[in-house]
Amino acid sequence: MKWLSCMLFALLLPIGSATQQQPLSIVPEGPKRVAVIGAGAGGSFAAYELQKLAEGSGIPVNITVFERTSHIGGRATTVNVFDDPAYPIELGASIFVQVNQNLVNASRDLGLSVRSADHARPKETAESIGIWDGTHFVFSIKNTDSWWNIGRLFWRYGLAPLRTQNLMKSTVGKFLSLYEEPLFPFQSLSEAAISAGLVDATSNPGWNFLAANKISELFAREIVQASTRVNYGQNLGLIHGLESMVCMAAEGAVAIDGGNWRIFDGILKTSKAHVSLNTTVTEIVRNDDGTSRIKFKPTEYHWMQSEHADFDEVIIAGPLQYSGISVSPPLQHVPDEIPYVKLHVTLLASPHQISPGFFGLEGEDVRAPETILTTLPEGLDLGSDVHGVGPAGFWSISTLRTVTRSVIRDGEEKEEQHYIYKIFSPERPTAEFVAQVFGINYSNDTGPASTIGDLPKSHISWFYEKIWHPYPLMYPRVTFEETVLAPGVWYTSGIESFISTMETSALMGRNVAALVVKSWKNGTGQKDEVDSSGKTEL
């Protein structure tokens, strides 16, 4: 029953510095030449698995990874509080959990230091997590013995927590079958989902999936929906049932000391791939001989003439719709453009704790929970509306850690404790909102567009803002993108609409690598076996 005590904190789930090589214009002949576009979870695990399987099969391989940003890890990236490398905090994918086999195993093999996801949280308040519906807290988790919290869960929700746990375990068990034969490696994710018995979960909104499995509306709205909102910015009327259950698979939530990006940096080094950071791929030209010519240039110097290199296989390890890559001749299968969530992430430091008054809490010694998740109030059904934040106005506010700073107060230098916070919201937080949340007296003299940067540094001592498109709107669906877009062109991001996490991107990277090597071992290769739909018989 351990999951019940850690479940709500771990809802914050849910996606570097490897040696930079100069872009290659000439690739040695002989080995199989593979280009991986993207150094996030999918791309790094594709390179890692490809090297391992090719080496084990006696097939020489030369892998080049192109990454248009300056870092490895994609959405797993850190920001240094006060620009001090002693205080890195996650900007993107924050944690992974016990069932995430690829990340857990890689962390162990790389010798990385793994810590509990909440190890740095101050734990100074009576309540660690509160769920707010825009008017009041509907449930909270105490900073006390876990059995107290378990009792409160069953008192309010009856058997719903237990039923949800059983449903989650059953669903996750089906998903884990994708890791092993006979399903792995899977050419078609759509067919694999059917074989694993997961279509019922992906084809229904979370509301319907939970109701069909006798999960009460109260528990679904207050607990499960708080999870889907903090993890994916989506309500149960929109997000499909499979992703809803992924949010509840929270046991053993951990993070890598120094940043989760270190997993992907480490396995890329292990892969022996040539990693070309700050390099944007602009075009893929499919040659008549079955190879592909990659054209690329430095990201910061987009006006420069492109360089090029030819490859036997190309793995696109990121959403094609955001890549800006042109392909000629056209792909046999072009992934559908799908809507992604627009998420504002605000990191900030302040000497103030979260204001209880903002949340309607009264009393001299009353303090707000350190982490605040949100849901919709009873009676408000926004259905599949993408603008579903409701009266709360934000998805979550989390207290991450404390940092001691030297400040000047009344002409004297003092040591002061500052709290580090993370806010998830659908829109950029205004200065007025931030001031109210942290009990700051603030007069808006600059107009309605006033932002956090307008607040005095004595109150907001540091901040960092980022707009992500971190995951798709997880509409119910029964089909998913194929892994082969054209002969010799492979794709990992079709799994995003199935489950969007660091772990599943890593799984798809490994899956594509296994398919590539399998095609080589078959002798004829997959290029001659792709029909007009982009499907391959291996």
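Residues numbered from 1 in each chain as written. Predicted model: local features only at pLDDT ≥ 70, side-chain atom pairs only at ≥ 80, totals over all residues. Heavy atoms only, no water.

With respect to the overall build of the chain
Item 1. Of regular secondary structure, the chain possesses 13 helices and 21 strands.
Item 2. Against the compact-globule benchmark of 24 Å for 538 residues, the chain has a radius of gyration of 24 Å, which places it among compact chains.
Item 3. In terms of overall dimensions, the chain has a C-alpha envelope of 75 × 60 × 45 Å along the principal axes.
Item 4. Per-residue burial over the chain gives 56% buried out of 538 residues.
Item 5. Just so you have it, the chain exposes about 22000 Å², and 49% of that area is on carbon and sulfur atoms.
Item 6. Charge-centre separation for the chain: the mean point of 42 positive side chains lies 3 Å from the mean point of 58 negative side chains. (Helix = DSSP H or I, 4+ residues; strand = E, 2+ residues; numbered from the N terminus. Rg over C-alpha atoms; globule rule 2.2 N^0.38 Å. Buried < 20%, exposed > 50% of the residue type's maximum accessible area, 1.4 Å probe, protein only. Areas by Shrake-Rupley, 256 points an atom, 1.4 Å probe, with all protein chains shown as cover. Lys, Arg positive; Asp, Glu negative; His and termini not counted. Charge placed at Lys NZ, Arg CZ, Asp CG, Glu CD.)

Observations regarding helix H11 (residues 261–271)
Item 1. Burial within H11 is extensive, with eight of its 11 residues counted as buried.
Item 2. Looking at H11, one finds that the buried residues are Trp261, Ile263, Phe264, Asp265, Gly266, Ile267, Leu268 and Ser271.
Item 3. Once H11 ends, the next one or two residues include lysine 272, with phi positive near 65 degrees.

What to know about the nonpolar core
Item 1. Membership of the largest hydrophobic core comes to 112 residues, with the highest contact counts inside it found for Phe45, Leu50, Val65, Ile263, Phe264, Phe498 and Trp520.
Item 2. Per element, the largest residue contribution to this core is 11 residues, and it comes from helix H13 (residues 502–521).
Item 3. In contact with leucine 50, not counting residues within four places along its chain, are Val34, Val61, Ile63, Ala513, Val516, Val517 and Trp520.
Item 4. In this structure, Phe394, Ile423, Ala431 and Ile452 belong to the second largest nonpolar core, which totals 23 residues. (Core = buried A, V, L, I, M, F, W, Y, C linked by side-chain atoms within 4.5 Å. Contact = heavy atoms within 4.5 Å.)

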